[in-house]
Amino acid sequence: MTDVVHYERRGAAAVVTMNRPDYRNAQNSAMTYALDDAFYRAAADDDVKVVVLAGAGKHFSAGHDIGTPGRDVDSSFDRRAGLWWDHVGKEGVENRYARESEVYLGMCRRWRELPKPTIAMVQGACIAGGLMLAWCCDLIVASDDAFFADPVVRMGIPGVEYFAHPWVMGPRFAKEFLFTGDRVGAERALALGMINRVVPRAELETETFALAEKIGAMPRLGLALTKKAVNQAEDLMGLRAGMDSVFGLHHAAHAHNAEVGRDSLAGQNARTLRDEGKH
Ligand code: ZN
């Protein structure tokens, strides 16, 4: 199996698995579009009632690919999230804003609107860009070894592109989470209301698929309308408009970094973020 995303059916569930375990499932554009294909396939299959998003190996996702050999930031793909132009061959904000509108904010919003319940099954690391993948799912089941962090303040950036923090963990804790970049364990995440369940690592699959099976027994339209109802309520609580406003701040930070320093990430990479985030 060399596909960056693996798709399978398990009863009424579609299982979409990120498959770059050697790189802790770092998300490059190839993975993003493979995920989109998989979600579209699950949405179109009348026998699929619920979707489980998983990560192969020890970790759910280390975040966006900012340093593996498969990094493909300068590659073109058929864009699907909006009508913004291809970023390739553009400079500065013309490049970054177009690219991140498409592959990060746009794609996560698209997946959040998949008209079937989605469950993120999270083990190990769920860092920065990994949070976006878990948060755009409806439910999150985590193993007791799971941990969550968004350390991008080290880049001078106010959180990842899909800025759901104040809505998924409350504004008070969102500030601590973002100011410190510290890892938050599964039990704390549960107490904050950010995830649905914590289970022992050995029972993660069993528990997640038991939940998927229970949901899968419900009527398709009922599930779709219920999901839309809660998503609409969340948007009325400001999620969508808040994200749009913060996306501008996010790009002000990228532009500042590029203007005063070496690059839009303030010279940080996966290793420096990981090492500094350990203490
Ligand atoms: Zn960004």
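Counting restarts for each chain: residues are numbered from 1 in the order of the written sequence. Local features are withheld for residues below a pLDDT of 70 in this predicted model, meaning they are given only at 70 or higher, and side-chain atom pairs are given and counted only at 80 or more; totals for whole chains, interfaces and linings count all residues. The basis for the side-chain values is all heavy atoms of the structure; hydrogens and waters are excluded.

A.B. asks: Which parts of the structure should I look at to understand the packing of helix 2 (residues 92-112) against helix 9 (residues 239-260)?
C.D. replies: Helix packing for two helices is described by the angle between their axes and how far apart those axes are. Convention adopted: a line fitted to C-alpha atoms gives each axis, helices being fitted over their contacting stretch, and angles between N-to-C directions are expressed from 0 to 180 degrees. Note on conventions: DSSP H or I runs of at least 4 residues are helices, E runs of at least 2 residues are strands, and numbering of each starts at the N terminus. At a minimum axis separation of 11 Å, helix 2 and helix 9 run at an interaxial angle of 150 degrees. When the interaxial angle is binned, helix 2 and helix 9 end up roughly antiparallel. Handedness of the crossing formed by helix 2 with helix 9: right-handed. Residues Val-93, Arg-96, Tyr-97, Glu-100, Ser-101, Leu-105, Arg-109 and Arg-112 of helix 2 touch helix 9, and the partners they reach there are Leu-239, Arg-240, Met-243, Asp-244, Phe-247, His-250, His-251, His-254, Ala-255 and Ala-258. For this classification, Asp, Glu, Lys and Arg are treated as charged, while Ala, Val, Leu, Ile, Met, Phe, Trp, Tyr, Cys and Pro are nonpolar and the rest, including Gly, are polar. Partitioned by chemical class, the residues of the contact of helix 2 with helix 9 number eight nonpolar, four polar and six charged. Should an angle fall under 35 degrees it is taken as roughly parallel, and over 145 as roughly antiparallel, whereas 65 to 115 is taken as roughly perpendicular and any remaining angle as oblique. Rotating anticlockwise by less than a right angle from the far helix to the near helix defines a left-handed crossing, while the corresponding clockwise rotation defines a right-handed one. Here a residue-residue contact requires only that any non-hydrogen atoms of the pair lie within 4.5 Å.

A.B. asks: For this particular structure, what's the right way to read the pairing of strand 6 (residues 139-143)?
C.D. replies: For a regular strand, side-chain orientation follows a simple rule: the groups alternate between the two sheet faces. A 1.4 Å probe rolled over the protein chains alone gives each residue an accessible area, and that area as a share of the maximum for its type sets the label: buried under 20%, exposed over 50%, partly exposed in between. Counting buried residues in strand 6 gives four out of five residues, a clear majority hidden from the surface. At least two DSSP bridges between two strands are required for those strands to pair. Bridge analysis of strand 4 (residues 118-122) against strand 6 gives four bridges, and the strand direction is parallel. In the strand pairing of strand 6, Val-122 is matched with Ala-142. The pairing of strand 6 with strand 9 (residues 197-199) spans three bridges and is parallel. Looking across to strand 9, one finds that Val-141 is bridged to Arg-197.

A.B. asks: In this structure, what is going on with the nonpolar core? I would like to understand it.
C.D. replies: Considering soluble globular proteins, one finds that nonpolar side chains tend to be buried as a cluster. By size, the foremost hydrophobic cluster in this structure holds 67 residues, and its most contacted members are Leu-35, Val-122 and Phe-148. Among the elements that make up this core, the one with the highest residue count is helix 1 (residues 29-44) (seven residues). Buried Ala, Val, Leu, Ile, Met, Phe, Trp, Tyr and Cys residues that are joined via side-chain atoms within 4.5 Å together make up what is termed a nonpolar core.

A.B. asks: Is there a simple way to explain the pattern of salt bridges in this structure?
C.D. replies: Side chains that differ in charge, positive against negative, can pair when their charged atoms come close. A pair is scored as a salt bridge if a Lys or Arg side-chain nitrogen falls within 4 Å of a carboxyl oxygen belonging to Asp or Glu. Tallied over the full model, the rule gives 14 salt bridges. The shortest N-O distance in the salt bridge between Asp-235 and Arg-112 comes to 3.3 Å. One end of the pair, Asp-235, is in helix 8 (residues 220-236); the other, Arg-112, is in helix 2, with 123 residues separating them in the sequence. Because the salt bridges share partners, they merge into one network encompassing Asp-36, Asp-37, Arg-80 and Arg-110.

A.B. asks: I tried to follow the packing of helix 1 against helix 2 on my own but got confused; where do I start?
C.D. replies: At a minimum axis separation of 11 Å, helix 1 and helix 2 run at an interaxial angle of 25 degrees. By the angle between their directions, the pair helix 1 and helix 2 is classed as roughly parallel. As for the relative orientation of helix 1 and helix 2, their crossing is left-handed in sense. Contact with helix 1, carried on its side by Ser-29, Thr-32, Tyr-33, Leu-35, Asp-36, Phe-39 and Tyr-40, involves Arg-99, Glu-102, Val-103, Met-107, Arg-110 and Trp-111 of helix 2 and no other residues of that element. When its residues are assigned to classes, the contact of helix 1 with helix 2 shows seven nonpolar, two polar and four charged.

A.B. asks: I keep staring at the environment of Leu-204 and nothing clicks. Help me out?
C.D. replies: Of note, Leu-204 is situated in helix 7 (residues 204-216). Separated by 60 residues in the primary sequence, Leu-204 and Asp-144 place their C-alpha atoms 8.9 Å from one another. Those residues in contact with Leu-204 that lie beyond four places of it in its chain are Met-121, Val-122, Gln-123, Val-141, Ala-142, Ser-143 and Val-199.

A.B. asks: Mind showing me how you'd approach the coordination of the zinc ion here?
C.D. replies: Think of it this way: four donors in a tetrahedron around the metal ideally sit 109.5 degrees apart, and six in an octahedron ideally sit 90 or 180 degrees apart. Only nitrogen, oxygen and sulfur atoms qualify as donors, provided they sit within 2.8 Å of the metal or within 3.2 Å for Na, K and Ca; with water excluded from the atoms, sites may seem incomplete. The protein atoms that coordinate the zinc ion are Glu-100 (OE), Glu-100 (OE), Glu-161 (OE), His-250 (NE2) and His-254 (NE2), at distances of 2.1 to 2.3 Å. The sequence pattern formed by the donor residues of the zinc ion is E-x60-E-x88-H-x3-H. Linking His-250 with His-254, this pair stays in helix 9, spanning four residues, or about one helical turn. Each of the two residues, His-250 as well as His-254, counts as buried.

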